[in-house]
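Architecture and fold: a report
These are the residues of each chain, in order.
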Amino acid sequence: MEEIKRSGLRGRGGAGFPTGMKWSFAKADPKFPKYLLCNADEGEPGTFKDRPILEKNPHLLIEGMVISGYVLGSEYGYIYLRGEYPAAADILNAAIKQAYEANYLGDNINGKGVKFHLAVHQGAGAYICGEETALIESIEGKKGQPRNKPPFPVNVGAWSMPTIVNNVETLSNLPYIIEIGGEAYSNIGSKECPGPKLFCVSGHVKKPGVYELPMGTNLKDIIYIHAGGIRDGGKLKAVIPGGISTPVLPADAIDCAMDFVAMPKAGSMLGSGAVIVMDDSVCMVRVAYRALKFFEHESCGKCVPCREGTDWLRKVLARVEKGKGKDGDIELLSDIAEIMMGRTFCPLGDGAAGVVMGMIKHFKNEFEEHIKNGRCALSC
Amino acid sequence: MITLTINDKEVTLEKPVSVLEAARQAGIKIPTLCYHEALKPYGGCRLCVVEVERMPKLQTACTLMAADGMVVKTESEGISKVRRGILEFLLINHPLDCPYCDKAGECELQDLVNKYGPTVGRYKEEKRKVPESHKDQIFARNMERCVVCTRCVRMCNDQQGASAISIMGRGNHSRMEPFSSDSFNCEYCGNCLTVCPVGAILSRLYMHSFRPWQVDNEVETICSYCGVGCSLVVQVRDESIKRVIPRTGLGVNRGLLCSRGRFGYEYINSQDRLTTPLVRKNGKLEQSTWSEALHIVAERLSGIKRTDGGSAIAGIGSPRCSNEDNYVFQKFIRMACGSNNIDSISRTGYAAAQKYFEELLGQGITTNLIEGLKNSEVIFVVGGDPTAVNPILGLSIREASRRGAKIVVLGNAKGLDRFKTLQVVPPVFREMEVLEELLVGVSGVKGARGEKLDVDKGIRMLSDTYSGSMDIEGIEELKQTLLNSPSTSIVFGMDLVQRANGHRAVFAIAGLTYLLEARLYLLSDRPNEQGLIDAGCVPDMLPGGRPLDIHDFKRKFETEWGGPIPEEDGKTLFEIIEGARNKSVKALYIMGDNPVFNLPDAQYIKEALQALDFLVVQDLFLSETAQLADVVLPALGWTEKTGTYTNLERRIQLQKKAVNAGSGMEDWKIISEVSGKMGYKMAYSDAEDIMDEIAKVSPLYRDLTYREISKGNCLWPYHGEPLRGEIHELPAMVDAASDFRADFYLALEKPLFHSGTLSRRSPALMKICPEPTLKINGAAARKLGLHEGNRVQVTTAAGSSEVPVSIDDTIKDNKVLLSNNFEGQGLFSLLTYTLDPVTKAPGIEGCEVRLIKI
Ligand SMILES: Cc1cc2nc3c(=O)[nH]c(=O)nc-3n(C[C@H](O)[C@H](O)[C@H](O)COP(=O)(O)O)c2cc1C
Ligand code: SF4
Ligand code: SF4
Ligand code: SF4
Ligand code: SF4
Ligand code: FES
């Protein structure tokens, strides 16, 4: 536990919560059994960073989970796997079988008196089930909707027991931390959020893919150096730096360090580290519309601002995008988003509002043109 | 102690509550929609947002726990803007069909928009369209109006425990739907209807027939169906009941109701109601006048009293009538007719068991608060399904189970199937032996308690003669559970009282209650079984449970009542029936009951009544029994008169008049008229006047007034003096039950949706459950090639009937169940009985049955 705290590891699922702190809460709770849930729901558009771990190196994750189980005193782990990853399910199940056979999982691991069992639970395709309390509901067999906090899962989680939910990538960092020590780990990358980070770059770059780089690598470098820059001679227009629910950055605002501390200052968030790169052939109204279509579809329906707000936003955006916008629509969109922002039950609704706010902030002219001309200037 | 500041007002809290509740305590109202005080907080609507110092975002007051030093603001420019915005969101897909919606006028959304909402909407897109569903007989479901607050779902899951509905679909497509899709097919408690804030779930009983503001009278009263005595509110327009609703937090039911209480009220407006007295002329019942009818009754009874003596007259009182009715009735039979032959249908169960329990363990032993069930750690359920007989009491058991109590069931109890922790199912009709085995086992560990020497002696006798242990799964665990429980409640239904030697089951339960220091609850089908006993409607006791054979008591009543009370012992119900058959009873006066239907072996009972010289029946309907009468007198029913009722906790409650009935007279009034004509004057101005007399003459009811009763907390032993009981009869050690080896045995089903004479005249209950079905276990049905809905011929030694089959896998033995709630098809027409020697209840066990698929 001390080693983890010393490492400064922060959760890779999006919120960046200090992992050691989260664990110490769960450990301090005297209730037993405790559950360890691995969040492999990876449903955020643009995000595909956990997939290579799940498919290419499942034993890394299993090892990380065994270590966590040992530290936490948890004997049962589940991997909540995104329903749309059937190949990963097969691979994980095979790996778990191997681990059991090699006695790396079971009642008495390697004869060391440590017990840890692991199973895969496949989701049914709801993005919201990536939110940790919805994930818990879902694993309990209920409808995936977030729970009220407090009580936090570390005290009252799955089956009302202390529960840790950690991202795939977070857990996969553990073997490395144990191997090199917390101190050494904390020297990698940014000071306040150290360690290596997986960045998944998609869109109009020459070399889309998953890059493991030190936390805090400059966004510009990720795009231009690692991912090879904009493809087909295009010109960069905008970047969504951390998955669809993080606010968009215009081309001139991408000189910033990609970590949990610097990104908010730059006007967005690190999120899952899913960098979506868009060149100047992209219509931002259409991007906003597609994003809202996603959010409206994925809203779980629990709270009014998200359930109704995403529906309204999507309908207005659909109209504007088709060139049927009216005067006042931009103000209406801003108003709806503003009411939603910070008032929804969970961050999904905030994300939806944030997309619209960001788009209008940086690309208001495109919305105005759509309304004025009755069509898209890019005729897409 | 937590102190916080809300709107500059300092609030100090006794115990931790949410900011919303803290504000309410301080008289500050925060608008809410998904919150309901009876339900767990949800946090979905976001209307209750408040500003909290040092918290960056607005917080929802319903989910945020108040903390010491918190500074909260519930109103501000910013907050108003958010609330306005949320309400605008709620309306974008809402049909806004208030002029057409039944909820208008009491709709929370309408009120909120009126107070906090926008005056114009900016939504120009298409609205979500979902057609209103009328596929259920009772509820209309309008999902365009649904605000997805989940109050209905939380109610159905967390309070009712039926889990019949859910929010289907996701996000913007969320809608409430029953799991069975079209029809609700549930327990029909209607509690979801109570909590729906909008017009999304509506009752079809009164759809489009009135507006909430058109109610011209609203009366808080109690339910007329069972022994729980739930509080409810009757809303009246033009002298007719428009609807029955509960009130959150009110009464023993705390704002919940069951199907009978909520939807069973229509019988009172039934076309079948008697409107004038009927008199038999030339063998036919003909309409008559009050003066003629009362004259004939007084004349004939006086004549029989003169020629054959008072003991040739008998009376049957009613557990559906009030304390006052029953008090006046027994006084009339004793004083005007000169007979102690007075009993009631309750002899078939409750009265029989209750008396024996009190004899064994002392008066008041069955007197426990329903609330107390929730705090038990073990609840032992025997002899019936509490969730069907006394649904609201059943909910307390479910609640206890949610709180972690162990629910152990002996026999079948469908409504607890998902709540029980242990179920022991003995071979048919051998539950009694299991109870005795438990008692012997428990006493083996606990030893004699030494408080009730007679009971200790009885247990010792039982232990001495007890041979061998039964090899039944779960019995040892059951014993250990009871022995290890720090607080036990025993819920005892009447099924085991109605056995050839039912008193042995009663003794075993009494013994367990005594040794385990348990709380004992008797299930009670009818609203005033306890009150009827306490009012003196039993052959051997005067009002207040005073034994007739104790001279001092008798003397006191004789002074108060101004005349001698007959010496001769009275007859119990079945002795009255026998008396009618052998002509020792010549006249029978039945107030508010239907023995031909409500007693086993209908044909036998009918013959007995036909053998009488004179039969008077006072009722609401021309019942199977009234059809045999010489004079039929139309009475007033529930909501038409005022009176007190004593529930199974022995709480006395006021049932109030709400409408002016067109015809009929109060039961007590009819009786005092007859009494006067027979020369024994009874001059009561109203029911309260009668209660004043009861309070004067009966030491149990000393100083009791309507004022006190109407407060709802009138609990045993009031201000009175209960008697200490003394044992009369130890269990007769009859041979163990014979082997029951037939394939199937017929037994009584107590259905949730019916009570009998009243419920089958309530259209809503008839819609929910239109005909009797034979309940049979799935495996057994398969063996007979029977499928759900197939018709079978059910044949017993006493007769045969044709009914559809309904598969019920919660029946775990080879009983088949049939209810006794439908005309012409009652189970009781298929059963014969033998009397228990001690309790005098009818034993209806071992009824072999043949089933043939039609
Ligand atoms: C709408 C929503 C979706 C989320 N989806 C994911 C996801 O797919 N994977 C994930 O690891 N975390 C996801 N999260 C974050 C989790 O709630 C949680 O913070 C995370 O699993 C914690 O793990 P970490 O501490 O290792 O980051 C999501 C959060 C929200 C609000
Ligand atoms: S913001 Fe509300 S409706 Fe949206 S996903 Fe979260 S809880 Fe569900
Ligand atoms: S009527 Fe009662 S049982 Fe039926 S859905 Fe409503 S709450 Fe549930
Ligand atoms: S039906 Fe009524 S109570 Fe149920 S979710 Fe909809 S609005 Fe709420
Ligand atoms: S539980 Fe009994 S008293 Fe209560 S509503 Fe139902 S029938 Fe009436
Ligand atoms: S009342 Fe608090 S969120 Fe609905």
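Residues numbered from 1 in each chain as written. Chains lettered and ligands numbered in written order. Predicted model: local features only at pLDDT ≥ 70, side-chain atom pairs only at ≥ 80, totals over all residues.

On to the overall build of chain A, then. A count of helices and strands for chain A gives 15 helices and 10 strands. Taken along the three principal axes of its C-alpha coordinates, chain A extends 75 × 45 × 35 Å. Intrachain contacts of chain A at a sequence separation of at least 6 include 67% that bridge at least 24 residues. (Helix = DSSP H or I, 4+ residues; strand = E, 2+ residues; numbered from the N terminus. Contact = placed C-beta atoms within 7 Å.)

Moving on, we get to the nonpolar core. Counting residues in hydrophobic clusters, the biggest one holds 385 residues, and the most contacted among them are A:Leu37, A:Ala288 and B:Leu588. Looking at this core, the element that brings in the most residues is helix 15 (residues 502–516) of chain B, giving 10 residues. Discounting chain neighbours no more than four positions away, the residues touching A:Ala288 are A:Leu317, A:Val355, A:Val356 and A:Met359. (Core = buried A, V, L, I, M, F, W, Y, C linked by C-beta atoms within 7 Å. Buried ≥ 20, exposed ≤ 12 C-beta atoms within 10 Å, placed from the backbone.)

Residue and element names in this part refer to chain B. Around ligand 3 sit 14 residues in total, of which Cys156, Ala162, Cys186, Cys189 and Cys192 are the nearest. Among the elements of the structure, helix 4 (151–160) and helix 5 (191–195) are those that each provide at least two residues to the shell around ligand 3. It is helix 4 that contributes the most residues to the shell around ligand 3, three residues altogether. Looking at the shell around ligand 3 residue by residue, the classes come out as 10 nonpolar, three polar and one charged. (Near = placed C-beta within 6 Å. Nonpolar A, V, L, I, M, F, W, Y, C, P; charged D, E, K, R; others polar.)

Attention now goes to unusual backbone geometry. With an omega of -10°, the peptide bond running from A:Lys149 to A:Pro150 counts as cis. The residue A:Pro150 is located in the loop between helix 6 (132–139) and strand 5 (163–167) in this model. For the bond from A:Pro150 to A:Pro151, the omega torsion is 0°, close enough to zero to count as cis. With a phi angle near 50°, B:Asn185 is a residue other than glycine that sits in the positive phi range.

What follows is about the site of ligand 5. B:Cys223, B:Tyr225, B:Cys226, B:Cys230 and B:Gly261 are the nearest of the 14 residues found near ligand 5. When residues of the shell around ligand 5 are traced back to their parent elements, those giving at least two are helix 6 (259–263) and helix 11 (391–402) of chain B.

One widely used convention gives an interface's size as the accessible area the parts lose upon coming together. All names here are of chain A. Under the domain assignment, chain A is made up of domain 1 (2–186), domain 2 (196–279) and domain 3 (284–373). Each partner contributes residues to the interface: domain 1 has nine residues there, and domain 3 has seven residues. Each residue belonging to the side of domain 1 that touches domain 3 can be placed in one class, and the counts come to six nonpolar, two polar and one charged. (Domains from an automatic or database assignment.)

Here we take up the sheet that holds strand 2 (residues 9–13) of chain B. Paired through their backbone hydrogen bonds, the strands of a sheet run either parallel or antiparallel. All names here are of chain B. Taking strand neighbours across the sheet as the criterion, the five strands line up as 2-1-5-3-4 in an open arrangement whose pairing is mixed. Looking at which strands have only one partner, the edges of the open sheet turn out to be strand 2 and strand 4 (59–60). In this structure, strand 1 (residues 2–6) lies alongside strand 2, joined through five bridges in antiparallel fashion. From the neighbouring strand, Ile2 faces strand 2, where its bridge partner is Leu13. (Pairing = 2+ DSSP bridges.)

Low pLDDT means the predicted atomic positions in that stretch should not be read closely. Summing up the model confidence of chain B, the mean pLDDT is 94 and the portion of residues at 70 or higher is 98%. Interface predicted TM-score (ipTM) for the complex: 0.95; the corresponding pTM is 0.95. (pLDDT = per-residue confidence, 0-100.)

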